[in-house]
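What follows is the residue order along each chain.
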Amino acid sequence: MDDKADRLREDVVMFTRRIRTQRSGHLLTPSQLQALAHLDREGPMSARALADLEQVAPQSIARTVSILEDSGMVSRTVDPQDARASIVAITAQGLQTLTADRSRRSEWLSAALATECTEAERDLLFIAGRLLRRLAATPESAPQRESLMNS
């Protein structure tokens, strides 16, 4: 199973790299785009909540938010429950950029699916997509974390 799992991981990485090359002309990094996508899907949230979703340190998300704010993609307001914190929200410009990026990637994927896959293969990929989403939501088990820390 390890060889098959390794191959699947490599396949997913190759696909992810390829789809990331389909950009709509912006200069945003994958991390910045992902932060915008979280804000679009989940709505305004604290920087801490965004860091948790991104699974990064608060300092990393602070840099990302700062860059996005400077480029007009997000806005920050004072958190009414904690004046030391801020609530981050996607702006109209951020949503427009994100929508254009999603459209470009979806256009490429639709064209690739139409030219490279049979109908049955497309159906399998759509099922695989749902399975990958489910796997992505699987929490890390304590023994795995411990073995990683001891490595």
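Calculation notes
- Residues numbered from 1 in each chain as written.
- Predicted model: local features only at pLDDT ≥ 70, side-chain atom pairs only at ≥ 80, totals over all residues.
- Heavy atoms only, no water.
- Helix = DSSP H or I, 4+ residues; strand = E, 2+ residues; numbered from the N terminus.
- Buried < 20%, exposed > 50% of the residue type's maximum accessible area, 1.4 Å probe, protein only.
- Contact = heavy atoms within 4.5 Å.
- Areas by Shrake-Rupley, 256 points an atom, 1.4 Å probe, with all protein chains shown as cover.
- Lys, Arg positive; Asp, Glu negative; His and termini not counted.
- Charge placed at Lys NZ, Arg CZ, Asp CG, Glu CD.
- Salt bridge = Lys/Arg side-chain N within 4 Å of Asp/Glu carboxyl O.

A. Looking closely at the overall build of the protein chain. What the protein chain contains, in helices and strands, is seven helices and three strands. Its helices and strands taken in sequence order, the protein chain reads α-α-β-α-α-β-β-α-α-α from the N to the C terminus. Buried positions account for 25% of the 151 residues belonging to the protein chain. Summarising the internal contacts of the protein chain: among those between residues at least 6 apart in sequence, 48% fall at separations of at least 24. About 10,900 Å² of surface is accessible on the protein chain, with carbon and sulfur atoms providing 56% of the total. Each charge sign in the protein chain was given a centre, from 20 positive and 21 negative side chains, and these centres are 2 Å apart.

B. Highlighting the pattern of salt bridges. For the structure shown, the criterion picks out seven salt bridges. Between Arg48 and Asp52 there is a salt bridge, with its nearest N and O atoms 3.7 Å apart. Here Asp52 and Arg48 lie together in helix H3 (residues 47-54), a separation of four residues that amounts to about one turn. A salt bridge links Asp101 to Arg105; its shortest N-O distance comes to 2.5 Å. With Asp101 and Arg105 both in helix H5 (residues 92-116), this residue pair falls four residues apart, about one helical turn.

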